[in-house]
Amino acid sequence: MLEITKPELVWKGKYDNDGNLKPIEKPGPFPFQIVEVINKPRTGIEEAQETLFEIWEGKEGNSFEEGRKNKLIWGDNKLVMSSLLDKFAGKINLIYIDPPFATGADFKLKIQVGENVEEITKERSVIEEKAYNDTWIKGIDSYLPMMYERLNLMKELLADNGSIYIHLDWHVGHYVKVMMDEIFGEKNFRNDIIWHYFMGGKSPNMFGRKHDIILWYSKSDKWTFNRLKHKRRLDYIPGLSARSSTGEEIEETTEKDEVGWYSVVTVDDVWDISGVFNMSYEYQAFTTQKPEALLKRIILASSNPGDLVADFFCGSGTTLAVAEKLGRRWI
């Protein structure tokens, strides 16, 4: 008989018939096949190019120091993470994931072929079907075990002082929050970040849904955190007396640029950052693409130059692009 000692999410298949928690499957490890090697290593030292489909033999070593190669891996992330455990367990400093939100939608990638043709929708291969189809046969009972298995694997891959950021919305954010309390521990919950954006439609029957949530957990009671500052635009004239709730005057340093007056303040847990518009230089025609400014804030706050950053639901690759620009290694 299953005995519950504390609140938790339970779904069909989480426990066996005797009430024991089923172990997380860790298939593999499977060898990675190198399809392409791009650019020189960060050291600038020339290396011989590997041949097509050469079996990866882990030349980087456990510490990733030899060659310091980044990896863009194509495959089911459960199989990939299980295969990475051998060399990267406890080595990853920061994980950001933007998993499916269990929306029930069918996301396709739109591409343009040629200069004067209409936009077409790219048909998916078998592996892409799993990557971009946010529909679940058993609904939440399919979604939850998928996330549970993968989040446990990510915890093993994280360094002891590492952090994980999980990007969700109103569909399943509350379920995953409870799941993360179970896997990482309530004491390691750091922030529930609100990403507020202005794009999207408006509803005549309810308040417009204009935010996502980002859950931040650390692996332990030690984690990397770099305080960040940003400009806050002022909607009042600087110099007027401002008082706190206790009646004390607030000293605020203000400056002016070509846009107007602003103050420099510490970043809090509500982030007003624009989404990616189709006229943006970042735009990749990927339906759920996230802006570079969002990932820049996360990577700067929770990692340092040279750290290893991973994104196991790679999407349009924003995490990797920003990590590269900020001098982080990435998978």
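Below is a summary of the structure that appears in this document. No experiment lies behind these values; they were computed from the predicted model shown. (Residues numbered from 1 in each chain as written. Predicted model: local features only at pLDDT ≥ 70, side-chain atom pairs only at ≥ 80, totals over all residues. Heavy atoms only, no water.)

This part is about the sheet that holds strand β3 (residues 92-97). Whether parallel or antiparallel, the strands of a sheet pair through hydrogen bonds between backbone atoms. Taken in spatial order, the seven strands of this open sheet run β12-β7-β8-β6-β3-β13-β14, and their pairing is mixed. The open sheet is flanked by β12 (270-272) and β14 (329-330), the only strands paired with a single partner. Looking at chain direction, strand β13 (residues 308-310) and β14 are connected through two bridges and run parallel. Bridge pairing in β14 places V309 opposite W330. Sheet strands touched by helix α3 (residues 140-157): β3 and β6 (158-168). Its angle to β6, the strand with the most contacts, is close to 150 degrees. (Pairing = 2+ DSSP bridges. Helix = DSSP H or I, 4+ residues; strand = E, 2+ residues; numbered from the N terminus. Contact = heavy atoms within 4.5 Å. Axes fitted to C-alpha atoms, helices over the stretch in contact; angles between N-to-C directions.)

The sheet built from three strands is open, its strands ordered β9-β11-β10 with antiparallel pairing. A strand with exactly one partner marks an edge of an open sheet, and here the two such strands are β9 (229-233) and β10 (254-256). For this sheet, the mean angle separating the axes of adjacent strands, direction not counted, is 40 degrees. Where β9 and strand β11 (residues 261-266) come together, five bridges link them in antiparallel fashion. Opposite K231, over in β11, you have V264 as the bridge partner.

On to the packing of aromatic side chains, then. This model, assessed by the stated rule, comprises six aromatic pairs. Consider the rings of Y165 and W216, whose centres lie 5.3 Å apart with planes at 10 degrees: the pair is stacked. Placement of Y165 in strand β6 and of W216 in strand β8 (residues 211-218) is noted, with a sequence separation of 51 residues between them. Across the pair, W216 and Y165 agree in class, each one buried. The ring of F184 has K155 sitting right over it, with the charged end atom 5.8 Å from the ring centre. Cation over ring: R190 sits above W223, and NZ or CZ is 3.8 Å from the ring centre. (Phe/Tyr/Trp six-rings, centres within 6.5 Å; stacked < 30°, edge-to-face > 60°. Buried < 20%, exposed > 50% of the residue type's maximum accessible area, 1.4 Å probe, protein only. Lys NZ or Arg CZ within 6 Å of the ring centre and 35° of its normal.)

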